[in-house]
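Here's the letter readout for the chains.
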Amino acid sequence: MLMYGWMKWVELAPQRYDWAVTLLTGGRVNHIKDKIAEKINSGDRVLDIGCGTGTLALRFLKKGARVDGLDSSRAMLEKAGALAAAAGLDRQLRLVHDSITRLPVRFPDQQFDVITATLALGEFSAEYRNFILRDCHLLLRPGGRLIIADEIYPENPFARFIYFSLMIGFWIPQFLILRRVIFPIKGLSASVVESGFAILSSKTWPINSLQLLCAEKPFDHSPDLRVD
Amino acid sequence: MFQVLKDFSWQAFHILFRYFNFPHELGLITIGNPGPEAPVFISGNYSLTVKRLQNRLRGRDCFLLVANSRGSNVWCAAGMNEFTEHDLVDAINVSNLYSLVNHRRIIVPVYAAVGIDCAALRSKTGFNVKWGPTHLNDLDRYIDNDCKRSPDMYDARFELWDRVEQALSTSWSYGLTIVLGLFIWPVFILKALGLTFVVYLLVYCFLPLLPEERQWRRSAIVCLGLAAAMLLAGLIGQWSLADLLIWEAVLLIIVLLLVTDLCGSTPLYKSTIKHWLLQGDYSSDFSPVIDPDLCINCIQCILVCPRNVFAAVRGELKTVVAVNPGQCEECLACLKQCPTDAIYSRVGTTKGDIKSIENLSQLVTRDHSHLRNEDHWIGRETSFRKNIPVVLE
């Protein structure tokens, strides 16, 4: 019966997603989303990949940006649409239900001022991430910015020890709450640079391994790397 | 020797922690020297599955494409809308499968059918889905048979080793929930843990020999049988009356956990505790019935059903009918795959665990009163023709 009850509980994970992520990051994720929103200007055309329930997109809309949100979960997108509609800002929001590797099919080249991805790339392998980053490069205008917030593998051995000690302790609670274990990304900065971006800033916070990375597509860059 | 030990401990760990997700790295795994006509097998990224598939495919020339099922098994993930055509599109795009194979076919685990919109996958990638066998043990025969399923490869199976794994992982998970008690009552907790393992292993191992659950028959036999065995042990071991009562009570709790677990944690049944309490069996709420006016005879429901519920009618009328709706375990793969929404349910409720069918509540609550005549197909004899069950006229 315990198994049964537990399965019923984990089945409800999508509904718990927002508060669960807030809880598991100690509220840090909201702070990071505020920080990202500070970098958005009125009139910017922004693409939020893996936009989920649209909590970040809403912040951009409030700053006067035009936002495209892409997610593969229709349920999440419906929540995002409802959130924007409740704020009366849904006319500036376009939601796209599609796979994350179909960005060039769904959006024109060099149209976006900013592309954001928060906690969207962690579940992918390096190969996937490089693919997506190259697509982002294609879609950004020269001078456009790529802003990524995600859990990063700590390079410093001491930080790594602290991180994995905490991770073992939080492993079961995290799975119970979120129904998935998030593994930190290795070599994100290197992937971003390899994809043709110049890193503008990188910010980390003590204790947890969240990182906010801001990069730019240079004006005098080499040609776009993907030819499809 | 070291490698054998390492493999054994890896497998043992993953079997015990089966209820948790351990994601395998996503992407393409090349096995042998696959050419442009080599088969492409799709797997979710549940580590234990990927490892076992790799072992099973060793010596073959093929591609194994690991798509994102969020570290869970494909059945759970697909139902939860966490293993969909989007994950297959991503895997195909990132691996650039287009340039590796000349054909446009991927072999997908049939248990993923409840989550995958095959038409959307085809329109986005050009790849067609071909369903694989239900059980890993059939993979060799499947490949040797030119990647075609024989009739026995359609059905859900719960073989001895599957049952042992299930028993071990479930009792281990229960163990984890009471492990802190070791600091307070170490002997009692250890004995309770041991008893949990023994009860689960015994019942799961002998599951096919036990009678079917009808009016709580199986549960009662398990409960009375084990209680009698314990009484006998108590008499032989001269336990005190208090000890005997305590351990009989513990046994009753374990058996209650087990019989309610059987509502939904095997590949054979999907029921609810409410249904079990009220009806005393493990039947599902969902009871499919096909509208012959909507059915286009595409047989997708037959191809994805793991419980042999459907059969084709091959007389003047060419359609598909539900001959064994009582066997349905409510995986709802048929509902997901039916292109014309021809499948109705005789009961307007579902367990509620399937999130991958957007209009599910609308589909199952449709008025089916015009389909009463379809009940006469229930229980009709069938035989296999070209691997497809056909109603005997």
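Here, the structure is the one placed above.
Given the structure is predicted, the values throughout are model-derived calculations rather than measurements.

Trainee: Would you explain the overall build of chain A in this entry?
Mentor: On a plain count of helices and strands, chain A comes out with nine helices and seven strands. Residues classed as buried in chain A amount to 51% of the 228 residues present. Of the contacts made within chain A by residues no fewer than 6 positions apart, 69% connect residues no fewer than 24 positions apart. Roughly 10,100 Å² of accessible area belongs to chain A as shown, and the carbon and sulfur atoms make up 59% of that amount.

Trainee: What is the right way to look at the sheet that holds strand E2 (residues 66-71) of chain A in this model?
Mentor: By way of backbone hydrogen bonds, the strands of a sheet pair with one another, either parallel or antiparallel. Residue and element names in this part refer to chain A. If you walk across this open sheet you meet the seven strands as E3-E2-E1-E4-E5-E7-E6, and the pairing is mixed. If you trace the sheet from one side to the other, it starts and ends with strand E3 (93-97) and strand E6 (198-204), each paired once. Strand-to-strand twist of the sheet, defined as the mean angle between neighbouring strand axes without regard to direction, takes the value 15 degrees. Sheet analysis places strand E1 (residues 45-49) next to strand E4 (residues 112-118), joined by three bridges and oriented parallel. If you follow Val46 over to E4, its bridge partner there is Val114. Contacting E1, E4 and strand E5 (140-151), helix H7 (residues 126-139) runs over the sheet at an angle of about 145 degrees to E5.

Trainee: Help me understand the nonpolar core in this model?
Mentor: Nonpolar side chains tend toward joint burial in soluble globular proteins. Grouped together as the largest cluster of nonpolar side chains are 120 residues, with contacts concentrated most on Phe83(B), Ile106(B) and Phe310(B). Broken down by element, this core gets its largest block of residues, eight residues, from helix H11 (residues 241-261) of chain B. Sequence-distant contacts of Ile106(B), that is, excluding residues within four places in its chain, are made with Val40(B), Ile42(B), Leu88(B), Ile92(B), Leu97(B), Leu121(B), Phe127(B), Asn128(B), Val129(B) and Lys130(B). Judged by nonpolar contacts, the second largest core, of 20 residues, contains Leu56(A), Phe60(A), Ala65(A) and Val114(A).

Trainee: When you look at the pattern of salt bridges in this model, what are you seeing that I'm missing?
Mentor: Two side chains bearing opposite charge may form a pair once their charged atoms approach each other closely. Under the counting rule described, the total for this entry stands at 26 salt bridges over all chains. Asp68(A) serves as the salt-bridge partner of Arg94(A), at 2.8 Å between the closest nitrogen and oxygen. With Arg94(A) in strand E3 and Asp68(A) in strand E2, this residue pair connects regions lying 26 residues apart in the sequence. Here the salt bridges do not stand alone but share partners, grouping Asp138(B), Arg141(B), Asp152(B), Arg157(B) and Glu159(B) into one network.

Trainee: Could you clarify how one ought to interpret the environment of Val96(A) in this entry?
Mentor: Residue and element names in this part refer to chain A. Position of Val96 relative to the elements: it lies in strand E3. Sequence separation of Val96 and Glu38 is 58 residues, and the distance between their C-alpha atoms is 24 Å. For Val96, the contacting residues outside a window of four places in its chain are Gly69, Leu70, Asp71, Leu77, Arg106 and Phe107.

Trainee: Quick question: what am I supposed to make of the packing of helix H9 (residues 186-205) of chain B against helix H10 (residues 217-237) of chain B here?
Mentor: For any two helices packed against each other, the geometry is given by the interaxial angle and the distance between the axes. Residue and element names in this part refer to chain B. Two elements in contact, H9 and H10, have axes whose closest approach is 12 Å; the angle formed by their N-to-C orientations is 130 degrees. The orientation of H9 relative to H10 falls into the category oblique. Both H9 and H10 take part in a crossing whose hand is right-handed. Taking contact as the criterion, the partners of Leu195, Val199, Leu202 and Val203 in H9 are, on H10, Val222, Leu226 and Met230. Residues that form the contact of H9 with H10 fall into these classes: seven nonpolar, no polar and no charged.

Trainee: Help me understand the pairing of E2(A), please; the structure alone is not making it clear to me.
Mentor: Side-chain positions along a regular strand alternate between the two faces of the sheet. All names here are of chain A. Counting buried positions along E2 gives five out of six residues, so the element sits mostly inside the fold. Direction of pairing for E1 relative to E2: parallel, over a ladder of five bridges. From the neighbouring strand, Ile49 faces E2, where its bridge partner is Leu70. One crossover worth recording links E1 to the parallel E2 by way of helix H4 (residues 55-62), and it is right-handed. In this structure, E2 lies alongside E3, joined through five bridges in parallel fashion. If you follow Gly69 over to E3, its bridge partner there is Leu95.

Cut-off values and rules
Residues numbered from 1 in each chain as written. Chains lettered and ligands numbered in written order. Predicted model: local features only at pLDDT ≥ 70, side-chain atom pairs only at ≥ 80, totals over all residues. Heavy atoms only, no water. Helix = DSSP H or I, 4+ residues; strand = E, 2+ residues; numbered from the N terminus. Buried < 20%, exposed > 50% of the residue type's maximum accessible area, 1.4 Å probe, protein only. Contact = heavy atoms within 4.5 Å. Areas by Shrake-Rupley, 256 points an atom, 1.4 Å probe, with all protein chains shown as cover. Pairing = 2+ DSSP bridges. Axes fitted to C-alpha atoms, helices over the stretch in contact; angles between N-to-C directions. Core = buried A, V, L, I, M, F, W, Y, C linked by side-chain atoms within 4.5 Å. Salt bridge = Lys/Arg side-chain N within 4 Å of Asp/Glu carboxyl O. Parallel < 35°, antiparallel > 145°, perpendicular 65-115°, else oblique. Left-handed = near helix turned anticlockwise from the far one by under 90°. Nonpolar A, V, L, I, M, F, W, Y, C, P; charged D, E, K, R; others polar. Right-handed = clockwise from strand over helix to strand, strands pointing away.

None of this, on its own, says anything about what the molecule does.
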